[in-house]
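# Per-entry structural report
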Amino acid sequence: MACKNVGTVEQVIRILIAVALVVAIFIFEPSPIWMATMVVVALLLFFTAYIQYCPITALLGINTCEKTPYERIRMVEGQKTKSKKVSKKKTKAKKPSKAKKAKKGRKKASRKKKKPKK
């Protein structure tokens, strides 16, 4: 079976629209062509809501399914590892260069020499 891409909220919306189309057929009594069109659309909406898969939204890359607790945990873990990588990059950038270290070393040595001896 194909993976699901229709969430619970979208299922309810699809079913409500399908029911509204069927009710509209009885209220407005459209021409046979419009009636057939409305029936086909209502059946497609019911069917996609029932199997929780819509090929059109799959082609568009849309997924309205709720994430399971396991997927949420995996997502949070993925964010933590990404943030660790970013923080490592920041610490590498903050390290002083060799030239700055040499200047600091010279300053410390010059301070020691300036102190008067007794």
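Right above here is the structure, for reference.
Everything numeric here is computed off the predicted structure, so don't read it as measured data.

## Digging into the packing of helix H1 (residues 8-28) against helix H2 (residues 32-51)
Geometry of a packed helix pair, given as the angle between the helix axes and the separation of the axes. At a minimum axis distance of 8 Å, the contact between H1 and H2 shows a crossing angle of 155°. With respect to their mutual orientation, H1 and H2 come out roughly antiparallel. Viewed along their axes, H1 and H2 form a crossing whose handedness is left-handed. Here Gln-11, Arg-14, Ile-15, Ile-17, Ala-18, Val-19, Leu-21, Val-22, Ala-24 and Ile-25 of H1 lie close against H2, whose contacting residues are Met-35, Met-38, Val-39, Val-41, Ala-42, Leu-45, Phe-46, Thr-48, Ala-49 and Tyr-50. Considered class by class, the residues forming the contact of H1 with H2 number 17 nonpolar, two polar and one charged.

## Quick look at the nonpolar core
Generally speaking, a soluble globular protein has its nonpolar side chains buried in company with each other. Judged by nonpolar contacts, Ala-18, Leu-21, Ala-24, Ile-25, Met-38, Ala-42 and Leu-45 together constitute the single largest core of seven residues. Elements that contribute at least two residues to this core include exactly H1 and H2. At four residues, the largest contribution of residues to this core is made by H1. Not counting chain neighbours up to four residues away, the residues in contact with Ile-25 comprise Pro-30, Met-35, Met-38 and Val-39.

## Things to note about the pattern of salt bridges
Scanning the entire structure with this criterion turns up one salt bridge. Between Glu-10 and Arg-14 there is a salt bridge, with the nearest N and O atoms lying 2.7 Å from each other. With Glu-10 and Arg-14 both in helix H1 and four residues apart, the pair spans about one turn of that helix. Both residues of the pair, Glu-10 and Arg-14, belong to the buried class.

Here is what the cut-offs are and how they apply
Residues numbered from 1 in each chain as written. Predicted model: local features only at pLDDT ≥ 70, side-chain atom pairs only at ≥ 80, totals over all residues. Heavy atoms only, no water. Axes fitted to C-alpha atoms, helices over the stretch in contact; angles between N-to-C directions. Helix = DSSP H or I, 4+ residues; strand = E, 2+ residues; numbered from the N terminus. Parallel < 35°, antiparallel > 145°, perpendicular 65-115°, else oblique. Left-handed = near helix turned anticlockwise from the far one by under 90°. Contact = heavy atoms within 4.5 Å. Nonpolar A, V, L, I, M, F, W, Y, C, P; charged D, E, K, R; others polar. Core = buried A, V, L, I, M, F, W, Y, C linked by side-chain atoms within 4.5 Å. Buried < 20%, exposed > 50% of the residue type's maximum accessible area, 1.4 Å probe, protein only. Salt bridge = Lys/Arg side-chain N within 4 Å of Asp/Glu carboxyl O.

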